[in-house]
Amino acid sequence: MKTFSGFPPGKVRSASIPEPVFTELIPIVDDLAELKLTLHILWRLGQQQAKVRYLRGADLVADQVLLSGLGDAPAEMLSAALERAVERGTLLLAQATVGGTSEELYFANTARGRAAVEAIARGEWPDELEFAERPNVFTLYEQNIGLLTPLIADELREAEQAYPADWIEDAFREAVSLNKRSWRYIRAILEHWRTEGRGEKTSRRTSEADRRRYSKWERTR
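Residues numbered from 1 in each chain as written. Predicted model: local features only at pLDDT ≥ 70, side-chain atom pairs only at ≥ 80, totals over all residues. Heavy atoms only, no water.

Engineer: Teacher, can you tell me more about the overall build of the protein chain here?
Structural biologist: Helices and strands together make up the secondary structure of the protein chain, namely 11 helices and 3 strands. Mapped from its N terminus to its C terminus, the protein chain presents α and β elements in the order α-α-β-α-α-α-β-β-α-α-α-α-α-α. Expressed as a percentage of its 221 residues, the buried residues of the protein chain come to 38%. Here the analysis covers contacts within the protein chain between residues at least 6 apart in sequence; of these, 57% occur between residues at least 24 apart. Surface accessibility of the protein chain: about 13300 Å² in total, with carbon and sulfur atoms responsible for 51%. (Helix = DSSP H or I, 4+ residues; strand = E, 2+ residues; numbered from the N terminus. Buried < 20%, exposed > 50% of the residue type's maximum accessible area, 1.4 Å probe, protein only. Contact = heavy atoms within 4.5 Å. Areas by Shrake-Rupley, 256 points an atom, 1.4 Å probe, with all protein chains shown as cover.)

Next up, the structure:
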């Protein structure tokens with residue numbers, strides 16, 4: 001059994017969950033994957049600042065924290081859990097074109113969510129519905145590594161000032177693809193790119209030499 005080491009000392013960011021989730025929804029959810037998905041999506045939507053909030057299907061497929069809790073076949077479990085959550089009415093699904101690409105958009109079943117889905121079904125893009133922003137460094141960390149600590153948060157803020165947003169996102173993606181889920185490793189990738197240049201490495205798998213180099217930088221920093 002995997003165990004929980006406890007909440008870290010100091011200030012920890014909190015998530016706001018609507019009360020009906022506990023009084024009306026959880027009592028009727030009878031599937032563990034659906035429950036995990038529901039709580040995770042509500043947490044992620046709660047991090048957004050837009051008036052009308054949504055997640056792309058592609059966002060969820062790439063969410064390593066979510067997938068890590070969905071067993072040995074996470075893609076299949078995710079698809080089934082999304083289908084159950086939509087059928088139950090917890091989530092609303094809309095098909096829309098975003099940036100020239102057809103996307104599945106998931107909304108919480110709120111008044112604003114319902115209005116947005118109805119507008120999209122009419123072929124309109126609601127005025128209050130903003131395009132989903134690129135995830136910030138804190139979101140990337142929580143989605144791909146785990147719970148933030150105050151010390152890590154300070155380092156992430158420094159990295160956000162020092163590196164372009166696309167570098168940070170690509171470095172997280174690189175580390176996850178190599179199953180190196182640590183901030184030290186991601187920071188080593190960023191430092192290597194800054195000193196040696198990125199070249200074309202972001203478009204192909206990292207070479208074995210680069211893996212060794214990143215690991216060496218990780219150990220020495």
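Back to the text.
Engineer: What's the story with the pattern of salt bridges in this structure? I'm lost.
Structural biologist: Pairing of side chains with opposite charge becomes possible as their charged atoms draw close. Applying the stated rule across the entire model yields 11 salt bridges. For Asp63, the salt bridge goes to Arg44, with nearest N and O atoms at 2.9 Å. On the criterion of sequence distance, the pair formed by Asp63 in the loop between helix H3 (57-61) and helix H4 (64-68) and Arg44 in helix H2 (residues 32-47) is long-range, its members being 19 residues apart. Given the relative accessible area of 0%, Asp63 is considered buried. (Salt bridge = Lys/Arg side-chain N within 4 Å of Asp/Glu carboxyl O.)

Engineer: I would appreciate a short explanation of the environment of Arg181 in the present structure.
Structural biologist: Note that Arg181 resides in the loop between helix H9 (165-177) and helix H10 (183-196). Residue Arg181 is classed as partly exposed on the basis of its relative accessible area of 34%. Spatially, the C-alpha atom of Arg181 lies 9.3 Å from that of Tyr141, the residues being 40 residues apart in sequence. The residues contacting Arg181, other than those within four sequence positions of it, are Gln64, Asn144, Ile145 and Val176. In terms of polar contacts, Arg181 uses its side chain to reach the backbone carbonyl oxygen of Asn144, at 2.9 Å. (Polar contact = N/O pair within 3.5 Å; in protein donor to acceptor, adjacent residues only side chain to side chain.)

Engineer: Help me out: how do you make sense of the nonpolar core in this one?
Structural biologist: General note: in soluble globular proteins, nonpolar side chains tend to be found buried as a group. Membership of the largest hydrophobic core comes to 21 residues, with the highest contact counts inside it found for Tyr141, Leu156, Ile168, Phe172, Trp183, Ile186 and Leu190. Of all elements in the fold, only helix H7 (137-144), helix H8 (150-162), H9 and H10 reach the threshold of two or more residues within this core. The element that contributes the greatest number of residues to this core is H10, accounting for 6 residues. Beyond its immediate stretch of four places on either side in the chain, Ile168 contacts Val137, Leu140, Ala159, Glu160, Tyr163 and Leu190. With 18 residues, the next largest nonpolar core counts Leu60, Leu66, Leu82 and Ala85 among its residues. (Core = buried A, V, L, I, M, F, W, Y, C linked by side-chain atoms within 4.5 Å.)

Engineer: Would you mind showing me how to read H8 here?
Structural biologist: Residue pairs spaced three or four apart in an α-helix point in one direction, given the helix's 3.6 residues per turn. With 13 residues, H8 should cover 18 Å at 1.5 Å per step; its first-to-last C-alpha distance of 19 Å lies within 8% of that length. Residues Ile152, Ala153, Leu156 and Ala159 constitute the buried set of H8. Axial view of H8: buried residues confined to an arc of 120°, hence all on one face. Turned more than 90 degrees away from the buried face of H8 sit Leu151, Glu158 and Gln161, all of them exposed. Where the residues of H8 are buried, they touch H7, H9 and H10. (Expected span 1.5 Å × (residues − 1). Arc of directions from axis to C-beta.)

Engineer: Would you mind showing me how to read the environment of Ala15 here?
Structural biologist: Here Ala15 lies in the segment before helix H1 (19-25). Given a relative accessible area of 47%, Ala15 falls into the partly exposed group. Residues Ala15 and Gly46 lie 31 residues apart in sequence; the distance between their C-alpha atoms is 6.9 Å.

Engineer: When you look at the packing of aromatic side chains in this model, what are you seeing that I'm missing?
Structural biologist: Aromatic ring pairs are defined here through the distance separating the ring centres and the angle between the ring planes. On inspection of all chains with the given rule, the structure shows 5 aromatic pairs. Considering the side-chain rings of Trp167 and Trp193, the 6.1 Å spacing of their centres and the 85° angle between planes classify their relative orientation as edge-to-face. Of this pair, Trp167 sits in helix H9 while Trp193 is found in helix H10, placing the two residues 26 residues apart along the sequence. Among the aromatic side chains, those forming a connected cluster through ring pairs are Tyr163, Trp167 and Trp193. (Phe/Tyr/Trp six-rings, centres within 6.5 Å; stacked < 30°, edge-to-face > 60°.)

Engineer: For this particular structure, what's the right way to read a nonpolar patch on the surface?
Structural biologist: Nonpolar side chains collect at one region of the surface, where Phe4, Phe7 and Leu147 lie side by side and expose about 390 Å² of accessible area between them. In this fold, Phe4 is placed in the segment before H1. (Patch = residues over 30% accessible without salt bridge, like charges linked within 9 Å, V, L, I, M, F, W, Y side chains within 5 Å.)

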